[in-house]
Structure formats: C-alpha cells, structure tokens
Amino acid sequence: MTNTTKSSASPSRKPEATADPAAHTVLVTNQGVPIGDNQNSLKAGLRGPVLLEDFILREKITHFDHERIPERIVHARGSAAHGYFEAYKALPDLTRAAPFREAGKITPVFARFSTVAGERGSADTARDVRGFAVKFYTDEGNWDLVGNNIPVFFIQDAMKFPDLIHAVKPEPHHGMPQAASAHDTFWDFASLSPETTHTLMWVMSDRGIPRSLRMMQGFGVHTFRLVNALGKSHFVKFHWKPLLGTHALVWDEAVVLAGADSDFHRRDLWEAIEAGEFPEWELGLQVFTEAQAEAFSFDVLDATKLIPEELVPVTPVGRMVLNRNPDNFFAETEQVAFCAAHVIPGIDFSNDPLLAGRIHSYIDTQISRLGGVNFHELPINAPKVPIHNNQRDGLHRMAVPTGRVAYEPNSLGGGCPFQAGAAGFASFPQAVQDDKVRGKPEKFSDHYSQATLFWDSQTPLEQAHIAAGFRFELSKLTVPAIQERMVASLVNVSRDLAGTVAQGLGMKLPAALARALPRAPKPEVAHSPALSLTALPGDGGIRTRKVAILVADGVLGTSVATVVQALKAADAVPCIIAKRLGEVATSDDTALQATGTYENSSPALFDALVLADGETGVAAMSQTQAVQDFIHSHHNHGKTLLVLGLAEVLLEQAGIRMFLPGGAPDPGVILSAPHSVAQETANFIHAMGKHRHTERLLALL
Ligand code: HDE
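Residues numbered from 1 in each chain as written. Predicted model: local features only at pLDDT ≥ 70, side-chain atom pairs only at ≥ 80, totals over all residues. Heavy atoms only, no water.

Peer 1: An account of the packing of aromatic side chains is needed here, citing residue identities and associated values.
Peer 2: Between two aromatic rings, the relevant description is the distance of the centres plus the angle of the planes. Evaluation of the coordinates by the stated rule reveals 25 aromatic pairs. For the pair Phe85 and Phe136, a centre-to-centre distance of 5.5 Å together with 70 degrees between the ring planes defines the contact as edge-to-face. Of the two residues, Phe85 is situated in strand β1 (residues 78-87) and Phe136 in strand β3 (residues 130-138); the sequence distance between them amounts to 51 residues. Judged by relative accessible area, which is 0%, Phe85 ranks as buried. Plain terms: the ring middles of Phe100 and Trp143 are 6.2 Å apart, the flat faces sit at 65 degrees to each other, and that makes the pair edge-to-face. With Phe100 in the loop between β1 and β2 (106-115) and Trp143 in strand β4 (residues 141-148), this residue pair connects regions lying 43 residues apart in the sequence. Like Phe100, the residue Trp143 is buried in the burial classification. Grouped by ring-pair contacts, the aromatic residues Phe85, Phe100, Phe113, Phe132, Phe136, Trp143, Phe224, Phe238, Trp240 and Trp281 constitute a single cluster. (Phe/Tyr/Trp six-rings, centres within 6.5 Å; stacked < 30°, edge-to-face > 60°. Helix = DSSP H or I, 4+ residues; strand = E, 2+ residues; numbered from the N terminus. Buried < 20%, exposed > 50% of the residue type's maximum accessible area, 1.4 Å probe, protein only.)

Peer 1: Go over the UniProt feature "domain: Catalase core" (unreviewed entry) in the chain with me, naming the residues and quoting the values.
Peer 2: Per the UniProt record, "domain: Catalase core" (unreviewed entry) is annotated on residues 28-416. As a span, residues 28-416 carries 22% helix and 19% strand, and end to end its C-alpha atoms are 40 Å apart. (UniProt positions renumbered as here; feature names shortened; annotations may be inferred.)

Peer 1: Give me the pattern of salt bridges: which residues, what numbers.
Peer 2: All chains considered together, the criterion is met by 31 salt bridges. Between Asp188 and Arg485 there is a salt bridge whose closest N-O contact spans 2.8 Å. Pair noted here: Asp188 is in helix α3 (residues 184-192) and Arg485 is in helix α12 (residues 480-491), with a separation of 297 residues, a long-range link. We classify Asp188 as partly exposed; its relative accessible area is 30%. Note on Arg485: relative accessible area 23%, which makes it partly exposed. With a shortest N-O distance of 3.0 Å, Arg319 and Glu280 are connected by a salt bridge. Remark: Glu280 occurs in strand β8 (residues 280-288) and Arg319 occurs in strand β9 (residues 315-324); sequence separation between them is 39 residues. (Salt bridge = Lys/Arg side-chain N within 4 Å of Asp/Glu carboxyl O.)

Peer 1: Let's hear about the coordination of the iron atom of the ligand: which residues, and what values?
Peer 2: Donor atoms from the protein around the iron atom of the ligand number only one, Tyr362 (OH), found at 1.9 Å. Looking at where Tyr362 falls in the secondary structure, it is placed in helix α9 (residues 353-369). (Donors = N, O, S within 2.8 Å, 3.2 Å for Na, K, Ca; no water.)

Peer 1: Describe in detail the site of the ligand, supporting the description with residues and values.
Peer 2: Around the ligand, the structure places 23 residues, and the nearest of them are Arg72, Arg112, Ser361, Tyr362 and Gln366. Arg72 has a polar side-chain atom sitting 2.7 Å from an oxygen atom of the ligand. For the ligand, a nitrogen atom lies 2.6 Å from a polar atom in the side chain of Tyr362. Those elements that place two or more of their residues in the shell around the ligand are β3, β4 and α9. At six residues, α9 tops the list of elements feeding residues into the shell around the ligand. Tallied by class, the residues present in the shell around the ligand amount to eleven nonpolar, nine polar and three charged. (Near = heavy atom within 4 Å. Polar contact = N/O pair within 3.5 Å; in protein donor to acceptor, adjacent residues only side chain to side chain. Nonpolar A, V, L, I, M, F, W, Y, C, P; charged D, E, K, R; others polar.)

Peer 1: Could you give an account of the UniProt feature "active site" (unreviewed entry) in the chain, with specific residues and numbers?
Peer 2: Under the UniProt annotation, "active site" (unreviewed entry) lies at His75 and Asn148. For the residues just named, distributed over 74 residues, the greatest C-alpha separation is only 10.5 Å, placing them together at one site. Within the secondary structure layout, His75 lies in the loop between α1 (55-65) and β1. Once residues within four sequence positions are removed from consideration, His75 is found in contact with Arg112, Ser114, Thr115, Val116, Gly131 and Asn148. Among the structural elements, Asn148 can be located in strand β4. You can call Asn148 buried: its relative accessible area is 8%. Once residues within four sequence positions are removed from consideration, Asn148 is found in contact with His75, Val129, Arg130, Gly131, Phe132, Phe153, Gln217, Gly218, Phe219 and Val221. (Contact = heavy atoms within 4.5 Å.)

Peer 1: Can you lay out the packing of α3 against α12 for me, pointing to particular residues and giving the numbers?
Peer 2: One can describe the packing of α3 onto α12 by two numbers: an axis separation of 9 Å at closest approach and a directional angle of 40 degrees. Taken together, the axis directions place α3 and α12 in an arrangement best described as oblique. α12 is crossed by α3, and the crossing has left-handed handedness. Of α12, the residues touching α3 (which contributes Asp184, Trp187, Asp188, Ala190, Ser191 and Leu192) are Ile482, Arg485 and Met486. Among the residues forming the contact of α3 with α12, the class breakdown is five nonpolar, one polar and three charged. (Axes fitted to C-alpha atoms, helices over the stretch in contact; angles between N-to-C directions. Parallel < 35°, antiparallel > 145°, perpendicular 65-115°, else oblique. Left-handed = near helix turned anticlockwise from the far one by under 90°.)

Peer 1: I'd love a proper account of the side chain of Thr138, names of residues and values included.
Peer 2: Of note, Thr138 is situated in strand β3. Among the residues examined, Thr138 registers a relative accessible area of 1% and is labelled buried. Reaching out from Thr138, the side chain makes a polar contact with the backbone nitrogen of Glu140 at a distance of 2.9 Å.

Peer 1: Explain helix α16 (residues 625-636) residue by residue, including any values.
Peer 2: Here α16 contains twelve residues, and its C-alpha end-to-end distance of 16 Å stays within 8% of the 16 Å for a straight helix at 1.5 Å per residue. For α16, the complete set of buried residues consists of Ala626, Val627, Gln628, Phe630, Ile631, Ser633, His634 and His635. The first or second residue beyond α16 is Gly638, which carries a positive phi of 75 degrees. (Expected span 1.5 Å × (residues − 1).)

Peer 1: Account for the side chain of Gln366, with residues named and values stated.
Peer 2: Here Gln366 shows up in helix α9. Setting aside chain neighbours within four positions, we find Gln366 in contact with Ala337, Phe338, Gly371, Gly372 and Phe375.

Peer 1: Summarise the sheet that holds strand β17 (residues 640-644); cite the residues concerned and give the values.
Peer 2: Read from one edge of the open sheet, six strands run β15-β12-β11-β16-β17-β18, paired in parallel fashion. Whereas interior strands pair on both sides, the edge strands pair on one side only; in this sheet they are β15 (596-597) and β18 (669-672). The sheet contact formed by strand β11 (residues 546-550) and strand β16 (residues 608-611) spans four bridges and is parallel. The partner of Val547 across the bridge, within β16, is Ala608. Along the sheet, helix α18 (residues 677-688) contacts β11, β16, β17 and β18; its crossing angle with β17, the most-contacted strand, is approximately 170 degrees. (Pairing = 2+ DSSP bridges.)

See the structure below:
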C-alpha cells in the first residue's frame, strides 16, 4: 500500500523506516488495485472522449475535490510539534493527575500554537493573541490544556464569544481586513465592552507580536481545580515559561515579515526542531485555596483577571520539550482536536462562566470541522490508553467492536466494560445552592484595576510600544466616535497612555468613560515585575538566531570565515548574503558561498548583522542600496551589528550614530579591527544574547 499511515505514538523519535521500502512503492487505488498508468485518463481512442468507466481517474479527482475540510472558526492558523512532559516530582498532596504521579514521569504531548483571527493561510506575524494548546496523552486518558500566550481573556462570559469573534473577523460585507483587529467592528465592540480593556493592553503590547512561538509564555487562563486522591481540592492557574525567554518583534518588522515570509513562525519552529534545538517550557502552578480566593480584590472566576505572581508565586512542577516535527501537517496539525472539556482524574473545572461555554464548544465544533462524532479515533486525537465503552457507529467509525453487547449493565458480556468507581473521574462535589439568574458577581465589574497594574508594570519602552499599538489600530478606524469612546476608556487605565494615543489621533483627550464599578476594591499589588517581557530574558544564548553577513566580490574572506565559525559554534545560523548566490570572489581567496541574495533575503528575517571587510568589497557594497536598507533596518530595530574593518564607512554612509544620547558607546554596534576579529566576534555574540538594545530603541523613539 502506498497510503501507509504512521503511528504518532513515540514522543521522541521519527517512526522507523519500513523494512522493505520497495514493497511500498507501487501506486495503488484506495481499494488497493495497482495503477498501471497515472498520467493518462481512459479514452475512446487517443483523440476521443474520456470514459465514465475510468474509476481510477474518478477516484483520484473525487478524493481531491474533498481534500479541504472547514478550517477552525478561530485559531485557524497554527503550527504544532510532538514532545513530552516530564514531572519534576510527585504532587500527591495536590492532585492524583497521572502526569504528576512520580518524579521523572514522562507523558507524551502534542502542542499547537496559533493566531486567533486570521484564516488558515494568513500571515504568522499578525498582531494577535497566540493559542498555546497542549494535549497530554496520559495514562488515564487525554488532558488538553488549551491556553493562550496571554493570561487573561477579552470577555467574562461565553455568551459574548460569538460577538467578540464576529467583531474581530474580516468585516462581513467586504471580507477585510485579514488577520487584523485594526478595523471598525472590532474596536466598536471593544469600546462598548470595557471588560476587554485588560486583554487589549496585553494584545497591544509586544506580547501580540512574539519573535518566535518558542519565545512566548503560555497560560491556562481560567482557574482550574487540582484534586488529590482524598478528594481534597485546591484552585490552580497553569503557566508555561519558555527557557529561551520571552522576546518580541518590533511592529514594522512584523509588517514586513508578513510579506517577506508569511510562515515566519511556522518555519522558525520547524527549523529549530529539525536542527535538534528542542524548545522547552517549564510548567508552573499558582496554587491557592478557596479562602484565599475569597479574600482577593478580584474574582478568580473572572477570566479578565490574573493573579499577580507577587500574590501567589508560580511553582515549577515539570517541563515540556518539543522534539519531533509532525510527519504530516494535515493528519496531525490540522486534524488535532483540542478540547477544554478533556480533563482527567485529578484535574477539574472551576465555575468560571467562560470556561463553561468552552466545555461545550470544542466537541461541538469538531463535529462539523472533522465531520462527525468519531474524531477521537484519528491517530493524533486517539488516547494512548485502550478505549472500552459502548458508544457505537457514527460517520467514519474506524474501531471494529466485536460481540453483541453494546450496553451497560449487561450480563451477556460478563458485565464488561465495568464502571471504574472511585478509581474513575469524579467531579469535585462543590456545593451549589442559589437562584437561577443571568448576571455577574460585583467584582467582575472592575474593568480597569488590572489594566492599570499591567501598564504600571511595563518598562518605558514597553509602554511606548503599547501606546503605539493602540495609536496604530485606532488610526485605522473610519468612525471618530469609536476612537473617542476607546480613548475615553483608556483614560481609566492611564491618563498618560490615553493622552499619547489621543495626540496621535489628533483628538483632544476626552473625559473618562463612566466606570461600571466606581469604587473598585484596592488591588493587593501596585506593581508586578513579572508582567513585563523583560522578566524572562532567557539564558543569553544565541542558539538558532539568524545572522546576515553582507558581502560582495572583493571582501576579505578570512575575517568572515572566523565570524561564521564562531557563530556556528554558538549554534547560531549565519547566512552569507551577496548580489547573487554561490561563490564569492574574496580578495584573499578564502572560499565563501553566498546562500542568500539581497533580493530573496529581507533584513527583517535576521536577528543580527555583520558587514564584511575589504577595500573592493566594501566599495561595491557602498554602491548597493540593499546594504543601506539592511543597516537601517537592523539599527532601527535595536539589533546587534558587527562591523569588520573598512565596512565602518558603510555605517557612516547610512548616517548611523555609534553613540547613545548620553555619549556612551552603543553596546550593540561593534567595530572590529582586522587583528581583533575573534575577540570582537565574542563581544558580538554576547551582545546579541540581549536580543535587542533597548537603550537604542528608546533613543530612537
Ligand atoms: Fe477557544 N475555541 N473558545 N479559547 N481556543 C477554539 O475549537 C471557544 C477561549 C483556544 O490549536 C475552537 O477546535 C469559546 C479562551 C485555543 O486547535 C472553538 C470560547 C482560550 C484554540 C473555541 C473560547 C481559548 C481554541 C475553534 C469562549 C484561552 C485552538 C476550533 C467561551 C484559555 C486550539 C476548535 C487548536 C479553539 C471556542 C475562549 C484558547 C470554536 C466558545 C479563553 C488555543 O471550539
């Protein structure tokens, strides 16, 4: 058979090659009939009509006609990988959940990252929330932690989700804009729904444009419960922290990348895993009791609120490593069905009303997206534990149950399968006694305290980016009343922020929007450093970072070769860029191969820049506009530049200042004399570990 299917069971290895590849090379139909001719349809004579009897042609075309399935209504654009979760230690006091049973316990996982608003083929770098969904194939069934890269959500109640999504999706009359919230309907909804404010602050911040899927946090968002073997429960919030730290793009880079490589994040994840640079996150828990929750100034059932880490610290409990790319995008990344209702014994829900809607929505959506109720049998969705139950039939049923018993209780099947009793999933017996109402608890109406906390916890550069994010988005609106209402809402977050945005929109600062809860409870903390991206700088390494090395015929090859070697030793990815691909004619006959051209390599694709030395080469580069574009782009985006020898004139030509406003040298612009290339390359690598030079970015504002 050609259409072999591979198991996705192993978390760490590619499936073994088949023993006899030749046995698998004959093309057959879906019925297993060998195909003699796959080039020509069956005709009555060479120039005659094609015959209806050509079942080979019709099977092929019919299958093709139905290759597309509906894309996800949200989170359509995504990229995924296999890996494993490893527990640091057993957590018997907190939970009986299988992944936390013992130290070192390994649970296979499949993680999918996504944007929310854009369609399946939309650009990766759109400003948006990122989905962060992890399927744990545990010993007691599948647990899906379906989170985001932002710890709060736009709305508090599932009732509003379709409205939120209709507002952010392309406007229905003309289908624009794609993968962008910068349009009237989104901000109309947002400005009329002040509960969105806190999440808007996060999305307008650099969190909305991550540098890499490998460099963002993940959050379960809702409050969940952990339940131990004795039935004792604690509340919990889940956090994923990336080992590489949290890093972002700069907005105009994100815009350029949407065209230069709309698969920027997908490619980055894929290439890192192929190169053996396995991304890793630490799972942390914020555990708290009902009594603590009662006392908080906010409601833990409100998904627009977070728990500051200064109030409840995050305790690391394990790590996730993604170490295998999918074998087939459609079969795995597209067909994976995450579900907020997939919990296992030891993990349970809270009464968060947004979560309640999700518990319904995810299975429901798969029924139309994956075409029926048996989507759990697809290899990527199938639990690793055997399934014994009496569910039968349905579209695309793959399991072949045997015997005549499909009910319980039964005697004809020996009573099998039995109920698991106390060993099975038991919902935490939370007491419920109240009137049926449509409404919200009072603290849900405080829409601004945590938005202000977020703003006050950002560095000046982050604040500037947030203001620019709002300014950009709101400047795209065509209805001034929406702009005004939104800025009036921002006055409640920060007058500074609202003032900067108003100025950018050319409007007077409006009066603050009336607050739903005029006297909100005083927040426990006024400043939470953990809310800044700078809280997780990573380890300072430059693994997988891409470095553009600009050359031309006549450059000095030895110094370039030294830089290339040092970058490779640091596991970075150097790319020599010239006017054309192939051999570069160096002045010292050192062999150099250009693997990129100015035409195919946008500066935005690279994390740092090297300018080669050598009289003739530098003279040629000084005549190349693209070299100037590279220098400006890298300098303006706070990246590190290594300038070898005579290439300094290229900086002068570009009008680049090598000093910061106070007169101190810019630590991100490194000049190297011919004799100190090795030393300055080491300095370059160290400086690149900062990712961006914020002092320069601030000075350029
Ligand atoms: Fe989702 N969400 N969502 N969501 N969501 C979906 O399920 C939904 C929410 C999240 O990589 C859909 O299989 C409702 C919060 C991720 O495949 C759908 C509500 C959070 C993914 C759905 C929410 C998320 C989805 C679309 C409000 C963060 C992508 C396709 C009540 C905690 C998973 C699908 C993947 C996908 C419904 C709110 C995260 C329609 C009704 C809050 C990461 O079922």
